[in-house]
Amino acid sequence: PSTSASESTTTDSTTATTTGLVDGTYSGDAVSTRYGNVQVQVTVSGGVITDVQVPQYPNNDRKDQQINSRALPILISETTSAQSASISMVSGATYTSQGYIGSLQSALDQAQQ
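Numbering of residues starts from 1 in every chain and runs along the sequence as written. Local features in this predicted model are restricted to residues of pLDDT 70 or higher, and side-chain atom pairs are both shown and tallied only at a pLDDT of 80 or more, whereas totals for entire chains, interfaces and linings draw on every residue. As a convention, hydrogens and water are excluded, and side-chain values are obtained from all of the structure's heavy atoms.

**Focus on the overall build of the protein chain**
Working step 1: Along the protein chain, the regular secondary structure elements total 4 helices and 4 strands.
Working step 2: Each helix is a run of H or I in the DSSP string that is no shorter than four residues. Each strand is a run of E no shorter than two, and both are numbered from the N terminus. Of the regular secondary structure in the protein chain, the N- to C-terminal order runs α-α-β-β-β-β-α-α.
Working step 3: Only protein chains enter the area calculation, which uses a 1.4 Å probe; residues under 20% of their type maximum are buried, those over 50% are exposed, and those in between are partly exposed. Here the protein chain holds 113 residues, and 31% of them are scored as buried.
Working step 4: Only heavy atoms matter for contacts: two residues are in contact if any of them lie within 4.5 Å across the pair. Partitioning the contacts of the protein chain with sequence separation of at least 6, the portion at a separation of at least 24 is 46%.
Working step 5: Put simply, the protein chain shows about 6400 Å² of open surface, and 47% of that area lies on carbon and sulfur atoms. Using the Shrake-Rupley algorithm and a 1.4 Å probe, accessible areas are obtained, with residue cover drawn only from the displayed protein chains.

Here you go:
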């Protein structure tokens, strides 16, 4: 009885079809913000967002670095939890959040092929 339960939960195809995301790595458009560009790259495996990188973000001065060192891990965590671009913005990092969400949506649009 226990093997039939595990067999029914290990089907990757149902995950891929429910999210509609195709496996691969997708770079979103770089979104221009008041303080610089934000670009998000997502990796989809088994139809699930498994990794999020932010190759471009404002880091020109100490304040940008301080804000984004706090905001980006929160945005990345919310992305992997939500499995979509429907995430909350980070208080105190409005421009980065807006750019991140815009670039994330662009990457996810590419992943839905």
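There is more to say after this.
**Considerations on the nonpolar core**
Working step 1: Counting residues in each nonpolar core, the largest one holds 22 residues, and the members touching the most others are V42, Y100, L104 and L108.
Working step 2: Listing elements by their share of this core, those giving two or more residues are β3 (36-45), β4 (48-56), α3 (62-82) and α4 (94-111).
Working step 3: Sequence-distant contacts of Y100, defined by excluding residues within four places in its chain, comprise V38, V40, V52, V54, L72, L75, I76, T79 and I87. To define a nonpolar core, start from buried Ala, Val, Leu, Ile, Met, Phe, Trp, Tyr and Cys residues and group those joined through side-chain atoms within 4.5 Å.

**What about the packing of α3 against α4?**
Working step 1: Contact pair α3 / α4: the axes reach a minimum separation of 11 Å and the direction vectors enclose 35°. When the axes of α3 and α4 are compared, the crossing they make is right-handed. Residues N68, L72, L75, I76 and T79 of α3 lie in contact with α4, whose contacting residues are T96, S97, Y100 and L104.
Working step 2: Nonpolar residues are Ala, Val, Leu, Ile, Met, Phe, Trp, Tyr, Cys and Pro. Charged residues are Asp, Glu, Lys and Arg, and all others, Gly as well, are polar. When the residues that make up the contact of α3 with α4 are grouped by side-chain class, the tally is 5 nonpolar, 4 polar and no charged. Simply put, an axis is a line fit to the C-alpha atoms, just over the touching stretch for a helix, and the angle between two N-to-C directions goes from 0 to 180 degrees. A clockwise turn of the near helix away from the far one marks a right-handed crossing, whereas an anticlockwise turn of less than a right angle marks a left-handed crossing.

**Here we look at the side chain of S97**
Working step 1: Structurally, S97 can be placed in helix α4.
Working step 2: In the analysis that follows, any N or O atom pair within 3.5 Å is treated as a polar contact, provided that within protein one partner can donate a hydrogen and the other can accept it, and provided that, for residues neighboring in sequence, both atoms belong to side chains. Polar contacts involving the side chain of S97 include one to the main-chain carbonyl oxygen of A93, which spans 2.8 Å.
Working step 3: Those residues in contact with S97, other than ones at most four positions away along the chain, are L75, M89 and V90.

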